[in-house]
Amino acid sequence: MYLPLRALTAFTVLASAVLLALPINATPAAATVLTSTLRDTTFRGEGDDVLRVKATKTRGIVVATYDGESNFIVYGLDRQGKEKQVLFNAIGTYSGTALYNSTPGDTLAGLKITADGPWTLRFRPLSSAPLWKGATARGKGDAVLRLNPPSRGFRTVRARHTGESNFIVYGFAGAGFPDVLFNEIGGYNGKTSLPSGTRLIVVQADGKWSMNRR
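Keep in mind the model is a prediction, meaning the values are calculated, not measured. (Residues numbered from 1 in each chain as written. Predicted model: local features only at pLDDT ≥ 70, side-chain atom pairs only at ≥ 80, totals over all residues. Heavy atoms only, no water.)

**Here's the deal with the environment of Ala 90**
Argument step 1. Tracing the backbone through its elements, the reader meets Ala 90 in strand β5 (residues 83-91).
Argument step 2. Here the alpha-carbon distance between Ala 90 and Val 74, two residues 16 residues apart in the chain, equals 9.3 Å.
Argument step 3. Among all residues touching Ala 90, those that are not within four sequence positions of it are Ser 70, Asn 71 and Phe 72. (Helix = DSSP H or I, 4+ residues; strand = E, 2+ residues; numbered from the N terminus. Contact = heavy atoms within 4.5 Å.)

Shown next, in the form of structure tokens:
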């Protein structure tokens, strides 16, 4: 059946209106491109995908879950669509938190997801990251922690890790580049200095960890 040109045009406009009416948090199909602000936004999908977001230089956190068997990699894309940040890189079922726009000059404008199963990406403001209260913080896997107030004077931190892969801990004192506090592989038990002014801790790990500051 052939539609007259006028009817076909009306149908196309109607279809476009329906697509634009889809909610931002709707589940995207593979290769879907969505536009949204990042604050308090959740994206859900399955398999490989690309998401376009409102470009931002502001730091924030993203919480990811993944239920697949193969690689789960999430790249942060800049305004030109180039891969500039590796937010997540895991194999198999995953749950963790990462910091985006972690280094000066970063601008997050999109996401590229490699996956073979369903995933969620929940974007949250930095203020929603868990607060490191007291002397000891404990967790499992990738995490972001806040220190409020920031560390002052000559402080130290002892870390323990029971995983098998990378154990990397970064300390952020401001908007500049982070300090690498720990960079080990596998089980670890050691101590280092905690720079004065540290207000943010980013942990990359595949096992249980603890950190004690003094």
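**Some words on a negative patch on the surface**
Argument step 1. Taken together, Glu 46, Asp 48, Asp 67, Glu 69 and Asp 116 make up a surface patch of like negative charges.
Argument step 2. Note that Asp 48 resides in the loop between β1 (41-46) and β2 (49-56).
Argument step 3. The partly exposed category is assigned to Asp 48, whose relative accessible area is 44%. (Patch = residues over 30% accessible without salt bridge, like charges linked within 9 Å, V, L, I, M, F, W, Y side chains within 5 Å. Areas by Shrake-Rupley, 256 points an atom, 1.4 Å probe, with all protein chains shown as cover. Salt bridge = Lys/Arg side-chain N within 4 Å of Asp/Glu carboxyl O. Lys, Arg positive; Asp, Glu negative; His and termini not counted. Charge placed at Lys NZ, Arg CZ, Asp CG, Glu CD. Buried < 20%, exposed > 50% of the residue type's maximum accessible area, 1.4 Å probe, protein only.)

**Some details on the pattern of salt bridges**
Argument step 1. Enumeration over the complete set of coordinates arrives at 1 salt bridge.
Argument step 2. A salt bridge links Lys 112 to Glu 83, with the nearest nitrogen and oxygen atoms 3.0 Å apart. Placement of the pair is Lys 112 in strand β7 (residues 108-114) and Glu 83 in strand β5, with a sequence separation of 29 residues.
Argument step 3. Taking the relative accessible area as the measure of exposure, Lys 112 reaches 32% and is therefore partly exposed.

**As for the nonpolar core**
Argument step 1. Of all hydrophobic cores here, the largest spans 22 residues; its most connected members are Phe 72, Phe 88, Leu 111, Ile 113, Trp 119, Leu 121 and Phe 123.
Argument step 2. Breaking this core down by element, the ones donating at least two residues are β2, β3 (60-66), β4 (71-77), β5, β6 (94-100), β7 and β8 (118-125).
Argument step 3. Not counting residues within four places of it along the chain, the set of residues in contact with Phe 123 comprises Leu 38, Arg 39, Asp 40, Thr 41, Phe 43, Ile 61, Val 62, Tyr 100, Leu 108 and Leu 111.
Argument step 4. In this structure, Val 169, Leu 181, Phe 182 and Leu 194 belong to the second largest nonpolar core, which totals 18 residues. (Core = buried A, V, L, I, M, F, W, Y, C linked by side-chain atoms within 4.5 Å.)

**Considerations on the sheet that holds β7**
Argument step 1. Overall, antiparallel pairing links the 4 strands, which are arranged β2-β7-β4-β5 in an open sheet. Two strands bound the open sheet, and with one partner strand each, they are β2 and β5. Pairwise comparison of adjacent strand axes, ignoring direction, gives a mean angle of 15° for this sheet.
Argument step 2. Relative to β7, β4 is paired through 5 bridges, and the arrangement is antiparallel. Looking at β7, one finds that Leu 77 is bridged to Gly 110. (Pairing = 2+ DSSP bridges. Axes fitted to C-alpha atoms, helices over the stretch in contact; angles between N-to-C directions.)

**Description of the pairing of strand β15 (residues 200-204)**
Argument step 1. Within β15, 4 of the 5 residues are buried, which leaves the element mostly enclosed by the surrounding structure.
Argument step 2. One ladder, built from 4 bridges, connects strand β10 (residues 143-146) with β15; its direction is antiparallel. Looking across to β15, one finds that Arg 146 is bridged to Leu 200.
Argument step 3. Sheet topology note: the strand β12 (residues 166-172)/β15 ladder contains 5 bridges and is antiparallel. Bridging across to β15, Phe 172 finds its partner in Leu 200.

**Section: the packing of aromatic side chains**
Argument step 1. Across all of its chains, the model carries 9 aromatic pairs by this definition.
Argument step 2. Their ring planes at 65° and their centres at 5.5 Å tell us that Tyr 100 and Phe 123 sit as a pair that is edge-to-face. With Tyr 100 in strand β6 and Phe 123 in strand β8, this residue pair connects regions lying 23 residues apart in the sequence. Like Tyr 100, the residue Phe 123 is buried in the burial classification.
Argument step 3. For the ring pair Phe 167 and Tyr 188, a centre distance of 6.2 Å and an interplane angle of 35° mean the geometry is tilted. Of this pair, Phe 167 sits in strand β12 while Tyr 188 sits in strand β14 (residues 188-194), and the two are 21 residues apart along the sequence.
Argument step 4. Its relative accessible area of 0% is what places Phe 167 among the buried residues.
Argument step 5. Each member of the aromatic cluster is reached from another via a ring pair, and the members are Tyr 66, Phe 72, Phe 88 and Tyr 94.
Argument step 6. Lying across the ring of Trp 132, Arg 213 places its NZ or CZ 4.8 Å from the centre. (Phe/Tyr/Trp six-rings, centres within 6.5 Å; stacked < 30°, edge-to-face > 60°. Lys NZ or Arg CZ within 6 Å of the ring centre and 35° of its normal.)

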